[in-house]
Amino acid sequence: MQYISSLGKNFSKQISLFPSSKTVKTGFIVLIGLFFLTAVLSGCSPFKTQNKNDTVSEKFTFETADGTAKLVGDCANIGNYHPVQVQGYGLVNCLPGTGGDDVNSLERRIVYDEMTRMGIRDVRAILADPTTAVVNILAYMRPGIQEGDVFDVEVRLPPETNAKSLRGGWLMKTKLEEMAYLGGTLKEGKTLALVEGPIMIDDPLATESSNPSGLKQGIILSGARVKESRFLTLNMKSGAESAFATDRIAKEINNRFFVAAGQKKGMATAKTDSLIALEVHPDYAKDVARYVRVILSIACYENQAKQIRRIERLKTELLIPEKSQQAAFQLEAIGKKGIEPLRNGLNSPNTEVRFHAATSLAYLGDGTPAKILADIARNEPAFRVYALNALSVLRTDVEAEIALQELLHVSSAETRYGAFRALYNRNQYDRTIRGEHLGNQFGYHGIATNAPPMVHLSKSKRPEIVLFGSDIYLKQPFGLEAGAIIFVNGQSPKNVVVKKFALSGIDEQRTVSNKLDDVIRAVVELGGTYPDVFQMLVQADQMKVLSCRLEIDCLPEPNRVYHRPGSSDDIEPAQESPKKKTVWERMNPKNWFGTNPGGNSSDFDGTANTPERE
């Protein structure tokens, strides 16, 4: 190789001795030939370096066999789209003498070690105190959850404990981590969240004789706060792995989804030749499942002419009920150019077509279909939850606000409360539903309504009481419990005595009217928590002293089947209307953590249609 190089240098010197242009040209050609020969012998090309990924990118195409653009879903699968189980071991205090200790339990040893590391004194005495108890904590973090978001946790006493009840307990601040047994040893992972708050036991009316297990476990609503956001991922399918492909797909996603807080920032980042990190766009934070469907419907790459042809095809498919949903997702994925074709679907006589077109328009920020979405929420149970979600994302649209406010007065309990939740998600300071954070513990809202009065309690996501109507009272005589140490006595006509029995010190009491609002406020003034008020209201409903209906977690249900007109679904045997759910059925712990990690999924195929809850 050195010989060839020196030969080239000698040729260069010889060329300079001959001024003849012909000689120069001949020498130059020979020199270039030697340069190519050197490159070949060294095994490289002077113009292009090729590696495995370049080979893949040359074979990979962003078009299908018929020449249409491939969608992201054709090239990649969604990843990190599962609930993450987190757990911890903590200490509950403020128990009314129902706590206990077990020096032999694993949970107790872990809590003891943690308190010792924190420098707390007299740890043994604290753990032995009957006002405290060690507990197991379990929770699931949904995909796409963001830093600062809150979620529910389940708390339960260990099997070996001597504690009898968690009623009235307060969980002290505890770390939640991913944990696993490796080699027979419990290994702790990264701290993903912190949790604390009052415990709502499983059965608010349980006693040691009637239901002792119902006293030993419960939940803390929105008690855990996330320390670090969870990202979704796009994992490239086999044959599509290349830096070229991930860069292109990330670019197309960022053209559609970005935030512009000072500087434009896209939601996707190509990490490797097979992985794209994906943040959740704020507009879809309440419906990650829909966000995923839209992301997978984005075209990997297409020029303007092909996009115009695809839009024309989707415009036709949108009007076909069987193809309407997929067409709407693709038009929503295209963005602003999809608005006009989607508006065309609003004129369809078919409810399903109007629903898909209107929902996609709402997520594109177009308030045109607000009235259509409200009508669908009122009249079609299968689409109700999704129509209300769509109205909630129209945060600045006056028509959407008016439509939701009108739904607060319908007879359907789930539609009324669903409209309240949509208004709250849209703007929690809306004048119609504006409430207060009573006792710095729970949301408390009074709604003026033309419909029959109703009290709604929440046992998931957010501690909250909503009074639909102002003339709600407790029918005397009665005696109710609000937690372990607060008693509500309604024996005297028009007067109610709310008394707190102090474990140490002086008892306190308030005398108020029998209006429910007055009684709730008195309980909170005496130190009552949300679980205490919850227990009192459930007991009042069971004893039939509440002047109106009581509902718990009465939200529209996802995954109901929509029966298309003229389809075979219409000739199925008529389903019997389900019996009205009891309080206990509505409070079933299996409903605390939804199986769908994205909340209200945009996939509505599932259970049979159920009528509105009356």
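Note that this is a predicted model, so its numbers are computed, not measured.

**Section: the sheet that holds strand 12 (residues 268–270)**
Moving on, step 1. The antiparallel open sheet is built from four strands, whose spatial order is 1-9-13-12. At either end of the open sheet lies a strand with only one pairing partner, and these are strand 1 (76–79) and strand 12. Across the sheet, the axes of successive neighbouring strands diverge by a mean angle of 25°, strand direction being ignored.
Moving on, step 2. Here four bridges tie strand 9 (residues 232–236) to strand 13 (residues 275–278), and the two strands are oriented antiparallel to one another. Looking at strand 13, one finds that Leu234 is bridged to Ile276.
Moving on, step 3. Strands strand 1, strand 9 and strand 13 of the sheet are contacted by helix 8 (residues 288–295), whose axis makes an angle of about 30° with strand 9.

**A look at the side chain of Arg426**
Moving on, step 1. Mapped onto the elements, Arg426 comes out in helix 16 (residues 413–426).
Moving on, step 2. Despite its burial, Arg426 remains without a salt bridge, the nearest opposite charge being carried by Glu401 at 4.1 Å.
Moving on, step 3. Polar contacts involving the side chain of Arg426 include one to the main-chain carbonyl oxygen of Leu394, which spans 2.7 Å.
Moving on, step 4. Contact partners of Arg426, with chain neighbours within four places excluded, come to Leu391, Ser392, Leu394, Arg395, Thr396, Asp397, Val398, Ala400, Glu401 and Leu404.

**Re the packing of aromatic side chains**
Moving on, step 1. Counted under the stated rule, the structure contains 13 aromatic pairs.
Moving on, step 2. The interplanar angle of 45° and the centroid separation of 5.5 Å between the aromatic rings of Tyr284 and Tyr291 together place this pair among those described as tilted. One exposure class covers both Tyr284 and Tyr291, and it is buried.
Moving on, step 3. Relative to Tyr363, the ring of Tyr284 lies with its centre 4.9 Å away and its plane at 25°, an arrangement referred to as stacked. Of this pair, Tyr284 sits in the loop between strand 13 and helix 8 while Tyr363 sits in helix 12 (residues 351–363), placing them 79 residues apart in sequence.

**Details of the confidence of the model for the protein chain**
Moving on, step 1. Chain-level pLDDT for the protein chain is 83 on average; 81% of the residues reach the 70-or-more range.
Moving on, step 2. Below pLDDT 50 for its whole length, residues 1–26 participates in 16 contacts with residues either more than four positions away or in separate chains.
Moving on, step 3. Contacts for the low-pLDDT stretch residues 34–58, under 50 throughout, to residues beyond four places or in other chains number 26 contacts.

**A word on the nonpolar core**
Moving on, step 1. Residues Ile249 and Tyr291 are the most contacted members of the largest nonpolar core, which totals 80 residues.
Moving on, step 2. The dominant element in this core, judged by the number of residues it contributes, is helix 14 (residues 381–392), at eight residues.
Moving on, step 3. Once residues within four sequence positions are removed from consideration, Tyr291 is found in contact with Leu232, Phe257, Met267, Leu278, Glu279, Val280, His281 and Tyr284.
Moving on, step 4. Residues Leu205, Ile472, Val496 and Ile520 belong to the second largest nonpolar core, which totals 40 residues.

**Some remarks on the packing of helix 10 (residues 321–334) against helix 12**
Moving on, step 1. Axis separation between helix 10 and helix 12 bottoms out at 9 Å; the angle between their running directions is 10°. Taken together, helix 10 and helix 12 sit at an angle that is classed as roughly parallel. Along its contact with helix 10, which presents Pro321, Ser324, Gln325, Ala328, Phe329 and Glu332, the element helix 12 presents Glu352, Val353, His356, Ser360 and Tyr363.
Moving on, step 2. Split by residue class, the contact of helix 10 with helix 12 holds five nonpolar, four polar and two charged.

**Focus: helix 12**
Moving on, step 1. The first and last C-alpha atoms of helix 12 sit 18 Å apart over 13 residues, in line with the 18 Å expected at 1.5 Å per residue.
Moving on, step 2. Each element contacted by the buried residues of helix 12 is listed here: helix 8, helix 10, helix 11 (339–345), helix 13 (370–379) and helix 14.
Moving on, step 3. Where helix 12 begins, the capping side chain belongs to Asn350, and its oxygen is found 2.9 Å from the backbone nitrogen of Glu352.
Moving on, step 4. Residue Gly365 follows helix 12 closely and has a positive phi angle near 85°.

**Focus: the packing of helix 14 against helix 16**
Moving on, step 1. Where helix 14 meets helix 16, the closest approach of the two axes is 8 Å, and the angle between their N-to-C directions is 25°. Here helix 14 is positioned roughly parallel relative to helix 16, judged by the angle of their axes. Where helix 14 crosses over helix 16, the two elements pack in a sense that is right-handed. Within the contact between the two elements, helix 14 uses Arg384, Leu388, Leu391 and Ser392 and helix 16 uses Glu414, Thr415, Gly418, Ala419, Ala422, Asn425 and Arg426.
Moving on, step 2. For the contact of helix 14 with helix 16, a count of residues per class yields four nonpolar, four polar and three charged.

**Re the pairing of strand 17 (residues 464–468)**
Moving on, step 1. Counted residue by residue, strand 17 has five buried out of five residues, so it is predominantly covered.
Moving on, step 2. Residues Glu464, Val466 and Phe468 line one face of strand 17 and the alternating positions Ile465 and Leu467 line the opposite face, and both faces are buried.
Moving on, step 3. With five bridges connecting them, strand 15 (residues 442–447) and strand 17 associate as parallel partners. Across the sheet, His445 pairs through a bridge with Val466, a residue of strand 17.

**What to know about helix 9 (residues 304–317)**
Moving on, step 1. An ideal rise of 1.5 Å per residue puts 20 Å on 14 residues; helix 9 measures up with 20 Å between its terminal C-alpha atoms.
Moving on, step 2. Listed in full, the buried residues belonging to helix 9 are Gln307, Arg310, Ile311, Leu314 and Glu317. In a view along the axis of helix 9, the buried residues occupy a sector of 120°, so they form one face of it. Across helix 9 from its buried face, at more than 90 degrees, point the exposed residues Arg309 and Thr316.
Moving on, step 3. Summarising the contacts, the buried residues of helix 9 are in contact with helix 10 and helix 11.
Moving on, step 4. Structurally, the start of helix 9 carries an N-cap: the backbone nitrogen of Ala305 is 3.3 Å from a side-chain oxygen of Asn303.

**Re the pattern of salt bridges**
Moving on, step 1. With the rule as written, the count across this model stands at 29 salt bridges.
Moving on, step 2. Across the salt bridge formed by Asp101 and Arg108, the nearest N and O atoms sit 3.3 Å from each other. Both residues of the pair, Asp101 and Arg108, count as buried.
Moving on, step 3. Where Arg395 meets Asp283, a salt bridge forms, and the shortest distance between an N and an O atom there is 3.9 Å. Residue Arg395 is found in the loop between helix 14 and helix 15 (398–407), and its partner Asp283 is found in the loop between strand 13 and helix 8; the two are separated by 112 residues along the sequence.
Moving on, step 4. Assessed through its relative accessible area of 36%, Arg395 is described here as partly exposed.
Moving on, step 5. Among the charged side chains, a salt-bridge network with shared partners connects Glu114, Arg117, Lys175 and Glu177.

**Observations concerning the sheet that holds strand 16 (residues 454–457)**
Moving on, step 1. Read across the open sheet, the five strands follow the order 14-15-17-16-22; overall the sheet is mixed. Looking along the sheet, the strands with just one partner apiece sit at the ends: strand 14 (436–438) and strand 22 (549–552). On average, adjacent strands in this sheet sit at an angle of 25° to one another, irrespective of strand direction.
Moving on, step 2. Bridge count between strand 16 and strand 17: four bridges; the pairing is antiparallel. Within strand 17, the position partnered with His456 by the bridge is Val466.
Moving on, step 3. Helix-sheet contacts for helix 16 involve strand 15, strand 16, strand 17 and strand 22, and the interaxial angle to strand 17 is about 120°.
Moving on, step 4. Across the sheet, helix 17 (residues 516–525) touches strand 14, strand 15, strand 16 and strand 17, and the angle it forms with strand 15 is around 165°.

Quick notes on the rules
Residues numbered from 1 in each chain as written. Predicted model: local features only at pLDDT ≥ 70, side-chain atom pairs only at ≥ 80, totals over all residues. Heavy atoms only, no water. Pairing = 2+ DSSP bridges. Helix = DSSP H or I, 4+ residues; strand = E, 2+ residues; numbered from the N terminus. Axes fitted to C-alpha atoms, helices over the stretch in contact; angles between N-to-C directions. Contact = heavy atoms within 4.5 Å. Buried < 20%, exposed > 50% of the residue type's maximum accessible area, 1.4 Å probe, protein only. Lys, Arg positive; Asp, Glu negative; His and termini not counted. Salt bridge = Lys/Arg side-chain N within 4 Å of Asp/Glu carboxyl O. Polar contact = N/O pair within 3.5 Å; in protein donor to acceptor, adjacent residues only side chain to side chain. Phe/Tyr/Trp six-rings, centres within 6.5 Å; stacked < 30°, edge-to-face > 60°. pLDDT = per-residue confidence, 0-100. Core = buried A, V, L, I, M, F, W, Y, C linked by side-chain atoms within 4.5 Å. Parallel < 35°, antiparallel > 145°, perpendicular 65-115°, else oblique. Nonpolar A, V, L, I, M, F, W, Y, C, P; charged D, E, K, R; others polar. Expected span 1.5 Å × (residues − 1). Left-handed = near helix turned anticlockwise from the far one by under 90°. Arc of directions from axis to C-beta.

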